[in-house]
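# Fold and contact review
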Amino acid sequence: MASPSDHIGEFDLIQRFFKTGADAMHPQLAIGLGIGDDCALIHPASDEEMAITTDMLVEGRHFLVGANPELLGSKALAVNLSDLAAMGARPLGFTLALALPSADQKWLEAFSKGLFSTAKQYSCSLIGGDTTSGPLTISITAFGSLPTGKAIRRSGAKPGDDIWVSGTLGNARLALAALHHEISLSDADFKQIENHMHQPTPRIELGIQLRDIASAALDVSDGLLGDLKHILKQSQVDAQILIDRLPKSEILLKQSIAIQNQFAACGGDDYELCFTAASHQRDVITRIGQSLRLAVTHIGQITAMKNAEASIELFSTDGNRLSDAEIKPLLKSFDHFKS
């Protein structure tokens, strides 16, 4: 971050960059009280329950040092909304806790612009938070609502269920690899995929339409297969995945098969929905995807648990099972406590 041009205090900072933007949004009926008091008040309907999620982003860990603040503001909220989407919740509001090395007004202007751009797009109001001095850290807690008993949990997958994923996988990891000079991409190709890393799209409407259809779901943040394991563990089931069915962009398909599979299977930062559903729902799910103009791909099946620990088997489309040595690197997922 650049050094600030003028000193600004905490409360002036909140008023100028965040409360003003929050007040400019049309208040929702569920938000009884927003920024300005000791607590926010939220009033979901009597037949609804709230979904609450928190994500923390740390500079150098979750985003590059010197990252574009406008894109960062947009992404910081989007990754939380993706969690709400995975449970079938509609966004209501969010709080923001922000640690800043300095009160850089130019940075704050751009960050708040990106933040409120996403907030307005998904009708999700900023309702409170906190600021302090420290290493650049962004922590958002998002609140959503959904009909009581309709939340899509991770624990509902059953043997025989299909496994699906939305959108395409691996583009965020591909863009990161290009930025780190691990691979070379043309300028045109990089421009087509860089938004997958900087501006993920939370699949809110897909999650809402899957409420009575999906048996389990989560958003893909740390890598498809590693995240899928969370569903398997909580549902006490195994999975079989057809590796060649993982949906990939035309840009990723230009890479070697090894890179394609690695980035699609465990690249992370995709923020697509991975979900399971009974096989008789296939036509319904396909129609939902078509109505949203969103690809939804059937990539495998849930199977009965064979051992004490949930496992994933990978197959090629010709039916051959990948060896354990081939599978192991594809099951890695991002670990927040490992480099």
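Everything discussed here concerns the structure shown above.
Presented here is a report on the structure given in the accompanying data block. (Residues numbered from 1 in each chain as written. Predicted model: local features only at pLDDT ≥ 70, side-chain atom pairs only at ≥ 80, totals over all residues. Heavy atoms only, no water.)

### Topic: the pattern of salt bridges
Just so we agree on the cut-off: Salt bridges are defined as contacts in which a side-chain nitrogen from Lys or Arg sits within 4 Å of a carboxyl oxygen from Asp or Glu. Helix and strand assignments come from DSSP, with helices taken as H or I runs of at least 4 residues and strands as E runs of at least 2, each series counted from the N terminus. The buried label goes to any residue with under 20% of its type's maximum accessible area, the exposed label to any with over 50%, and the partly exposed label to all in between, with areas taken from a 1.4 Å probe on protein chains only.
Enumeration over the complete set of coordinates arrives at 10 salt bridges. Glu 272 is the partner of Arg 203 in a salt bridge, and the nearest nitrogen-oxygen pair spans 2.9 Å. In this pair, Arg 203 is assigned in the loop between helix 5 (187–198) and helix 6 (204–209) and Glu 272 in the loop between helix 8 (257–266) and strand 10 (273–277), connecting sequence segments 69 residues apart. By relative accessible area, Arg 203 is classed as buried at 18%. As a salt-bridge pair, Arg 321 and Glu 313 come within 3.1 Å of each other at their nearest N and O atoms. According to the relative accessible area criterion, Arg 321 is partly exposed, its value standing at 40%. Note on Glu 313: relative accessible area 15%, which makes it buried. Residues joined by salt bridges that share partners form a network here, namely Lys 306, Glu 313, Arg 321 and Asp 324.

### Let's talk about the sheet that holds strand 7 (residues 162–166)
Defined as follows: DSSP bridges decide pairing: two strands pair if at least two such bridges lie between them. Axis angles are defined between N-to-C directions and span 0 to 180 degrees, where every axis is a line fitted to C-alpha atoms and, for a helix, only to the segment in contact. Only heavy atoms enter the contact rule, under which two residues are in contact if any of them lie within 4.5 Å.
Spatially, 8-10-7-11-9-12 is the arrangement adopted by the six strands of the open sheet, whose pairing is mixed. Since the sheet does not close on itself, it has two edges, and those belong to strand 8 (214–219) and strand 12 (312–315), each with one partner. Neighbour to neighbour, the strand axes of the sheet diverge by 25° on average, direction disregarded. Two elements, strand 7 and strand 11 (residues 296–304), share five bridges in a ladder whose sense is antiparallel. Residue pairing for strand 11: Asp 162 is matched across the bridge by Gln 301. In this fold helix 9 (residues 282–292) packs onto strand 7, strand 10 and strand 11, with an angle of close to 150° to the strand it touches most, strand 11.

### Regarding the nonpolar core
Proteins that are soluble and globular tend to have nonpolar side chains buried together. How we decide: Joining through side-chain atoms within 4.5 Å is the link that ties buried Ala, Val, Leu, Ile, Met, Phe, Trp, Tyr and Cys residues into a set, and such a set is a nonpolar core.
If you look at the biggest cluster of nonpolar residues, it comprises 50 residues, and the most contacted ones within it are Phe 18, Phe 94, Leu 96, Phe 111, Ile 138 and Phe 275. Looking at which element gives the most residues to this core, the answer is helix 2 (residues 69–86), with seven residues. Ignoring anything within four residues of it in the chain, the contact list for Leu 96 reads Phe 18, Phe 111, Leu 115, Leu 126, Gly 128, Gly 129, Asp 130, Ile 138, Ser 139 and Ile 140. The next biggest cluster of nonpolar side chains, apart from the first, holds 41 residues, and it includes Ile 243, Leu 246, Ile 251 and Phe 263.

### A look at the sheet that holds strand 6 (residues 137–147)
The strand order across the open sheet built from four strands is 3-6-4-5, with neighbouring strands paired in mixed fashion. Each edge of the sheet is formed by a strand with only one pairing partner; in this case those strands are strand 3 (48–58) and strand 5 (125–133). Each strand axis lies, on average, 15° off the axis of its neighbour in the sheet, ignoring direction. Direction of pairing for strand 4 (residues 90–100) relative to strand 5: parallel, over a ladder of eight bridges. By the bridge assignment, Phe 94 is partnered in strand 5 with Leu 126. In the packing of helix 2 onto the sheet, the strands contacted are strand 3, strand 4 and strand 6, and the crossing angle to strand 6 comes to about 35°. Set on the sheet, helix 3 (residues 105–121) makes contact with strand 4, strand 5 and strand 6; between it and strand 4 the angle comes to about 165°.

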